[in-house]
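Examining the three-dimensional arrangement
Chain residues, written in single-letter form:
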Amino acid sequence: MAIILGDDRYGKAENRIVRIVRDSPRHEIRDVNVSTALRGDFAAAHLEGDQGNVLPTDTQKQTAYAYAKLHGLTELEEYGLALARHFVDDVEPVASARIEIEEFAWDRVVADGAEHDHTWTRNGKEVRLASVTVAGSGEAQQTWVTGGFKDLVILKSTGSEFHGFLEDEYTVLEPTTDRIMATSLVATWRFGTTDVDWNAVYDGVKAVMVERFANVHSLALQQTLYAMGRAVLEAYPEIVEIRMSAPNKHHFLYDLGRFGIDNDNEVFHADDRPYGLIQATVTRDDAPDAGPAWDHYTGLV
Ligand SMILES: O=c1[nH]c(=O)c2[nH]c(=O)[nH]c2[nH]1
């Protein structure tokens, strides 16, 4: 009996590439998850630990990012064809290449009645939230109502800076005057009354927050959150307090300079963790006591 190596392949799975086309003020976005897998003359790596034929998965990753710039991502299939043909045609030991691509769709934000040039929400709706607490009876009965949403994923491809921060001996972050800002927003608000047009207020609050995210030129996610919360309280007298939680979904500019390729805020790596988590409450100074309004039960709201 002989023991033999069966089928094998290898590559870099799930490269989270965001490509912004920004040759006019109206930007375009492509947000993809790209996996590469190569088959070919790679037995020696398994049998002898010989890497002579092995194009590192890291190189496959770099190529996937470089091709996002060089070939664009306007058509996923064109991009995939270019990448696969490169591996097969230009890398000697490669006999076949498979490229798998998932695309996450974004919808352009409409703010002030017009499509926004550089802000999108992730396709698919946010989850609406509501909580009601009633206590006591008769004249003494009290009621607390909160509304909100979670999973409102929103991104702007410019109009965001972050610099002037405190630095110490562990600071390596480079200041930036132009970055992607993205978050998956959770917002919950407390009503001061039950005399509310609930659905209309929900739609309105969401529109106000999206508009502020899009149009406030941001110096930090903290500043944007406060601007959103403030605008909600200004627009809706029936709301007395709003709480927001915003993961900073980091998009790191991919270093293509190493390959002699310019990257003028066009190709990014969308990192999933760790993430900054920014939370803020904005409230009226005369807001009634919150009582049990925030007394969460399931953790879902
Ligand atoms: O908007 C930001 N706020 C921060 O507090 C922070 N910290 C960081 O590293 N990046 C950012 N961005």
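Rules used throughout
- Residues numbered from 1 in each chain as written.
- Predicted model: local features only at pLDDT ≥ 70, side-chain atom pairs only at ≥ 80, totals over all residues.
- Heavy atoms only, no water.
- Helix = DSSP H or I, 4+ residues; strand = E, 2+ residues; numbered from the N terminus.
- Rg over C-alpha atoms; globule rule 2.2 N^0.38 Å.
- Contact = heavy atoms within 4.5 Å.
- Areas by Shrake-Rupley, 256 points an atom, 1.4 Å probe, with all protein chains shown as cover.
- Lys, Arg positive; Asp, Glu negative; His and termini not counted.
- Charge placed at Lys NZ, Arg CZ, Asp CG, Glu CD.
- Pairing = 2+ DSSP bridges.
- Axes fitted to C-alpha atoms, helices over the stretch in contact; angles between N-to-C directions.
- Near = heavy atom within 4 Å.
- Nonpolar A, V, L, I, M, F, W, Y, C, P; charged D, E, K, R; others polar.
- Left-handed = near helix turned anticlockwise from the far one by under 90°.
- UniProt positions renumbered as here; feature names shortened; annotations may be inferred.
- Buried < 20%, exposed > 50% of the residue type's maximum accessible area, 1.4 Å probe, protein only.
- Polar contact = N/O pair within 3.5 Å; in protein donor to acceptor, adjacent residues only side chain to side chain.
- Expected span 1.5 Å × (residues − 1).

Let us look at the overall build of the chain. Helix and strand counts for the chain come out as 5 helices and 12 strands. Here the C-alpha atoms of the chain give a radius of gyration of 25 Å, more than 25% beyond the 19 Å that 2.2 N^0.38 yields for 301 residues. The principal-axis extents of the C-alpha atoms in the chain amount to approximately 85 × 55 × 45 Å. Contacts in the chain between residues far apart in sequence, at least 24 positions, make up 68% of those at least 6 positions apart. Here the chain displays about 16600 Å² of accessible surface, and carbon together with sulfur accounts for 49% of that area. The centroid of the 28 positive side-chain charges in the chain is displaced by 2 Å from the centroid of its 49 negative side-chain charges.

Neighbouring strands of a sheet are bound in pairs by backbone hydrogen bonds; such pairs are parallel or else antiparallel. Ordered in space as β3-β2-β1-β11-β10, the 5 strands form an open sheet in which the pairing is antiparallel. Of all strands in the sheet, those with a lone pairing partner are β3 (94-104) and β10 (251-253), marking the two edges. Between one strand axis and the next, the sheet turns through 35° on average, direction left out of account. Note that strand β1 (residues 15-21) and strand β2 (residues 28-40) share 7 bridges and pair antiparallel. Each residue of the ladder has a partner; that of V18, found in β2, is D31. Sheet strands touched by helix α2 (residues 57-70): β1, β2 and β11 (267-270). Its angle to β1, the strand with the most contacts, is close to 15°. Along the sheet, helix α3 (residues 76-90) makes contact with β1, β2 and β3, crossing β3 at roughly 155°.

It is worth spelling out the site of the ligand at this point. Neighbouring the ligand are the residues F162, L173, R179, A220, L221, Q222 and N248. Protein contacts shield 73% of the accessible area of the ligand, which totals 300 Å² for the unbound molecule. Among the residues forming the shell around the ligand, the class breakdown is 4 nonpolar, 2 polar and 1 charged.

Before going further, it helps to spend a moment on the packing of helix α4 (residues 198-215) against helix α5 (residues 221-235). In helix packing, the relevant descriptors are the interaxial angle and the interaxial distance, both defined with respect to the helix axes. Orientation of α4 relative to α5, taken along the N-to-C sense of each, is 145°, at an axis distance of 9 Å. Where α4 crosses over α5, the two elements pack in a sense that is right-handed. Residues V205, V208, M209, R212 and F213 of α4 form the contact with α5, whose participating residues are T224, A227, M228, A231, V232 and A235. Of the residues in the contact of α4 with α5, the class split is 9 nonpolar, 1 polar and 1 charged.

Turning to the UniProt feature "binding site: 5-hydroxyisourate" (unreviewed entry) in the chain, a few remarks are in order. This chain's UniProt record puts "binding site: 5-hydroxyisourate" (unreviewed entry) on T57, F162, R179, Q222 and N248. With the annotated positions falling across 192 residues, the maximum pairwise C-alpha distance of 37.4 Å shows that they are not confined to a single cluster. Among the structural elements, T57 can be located in helix α2. Residue classification places T57 among the partly exposed residues on the basis of a relative accessible area of 24%. Apart from the residues lying within four places of it in its own chain, the contact partners of T57 are Y10, G11 and K12. Side-chain polar atoms of T57 contact the side chain of K12, separated by 3.0 Å. In this fold, N248 is placed in strand β9 (residues 239-248). Those residues in contact with N248, other than ones at most four positions away along the chain, are R179, A182, L221, Y275 and G276.

What follows deals with the pairing of β1. Burial analysis of β1 places 6 of its 7 residues in the buried class, which makes it a mostly covered element. Hairpin connection between β1 and β2: a loop of 6 residues separates the two successive antiparallel strands. Bridge count between β1 and β11: 3 bridges; the pairing is antiparallel. What sits directly across from I17, in β11, is H269.

Next up on the list: α5. Because each turn of an α-helix spans 3.6 residues, side chains separated by three or four positions in sequence point in the same direction. An ideal rise of 1.5 Å per residue puts 21 Å on 15 residues; α5 measures up with 21 Å between its terminal C-alpha atoms. Burial in α5 covers these residues: L221, T224, L225, A227, M228, G229, A231, V232 and L233. Residues of α5 that are buried in the fold lie against β8 (181-191), α4, β9 and β12 (276-283).

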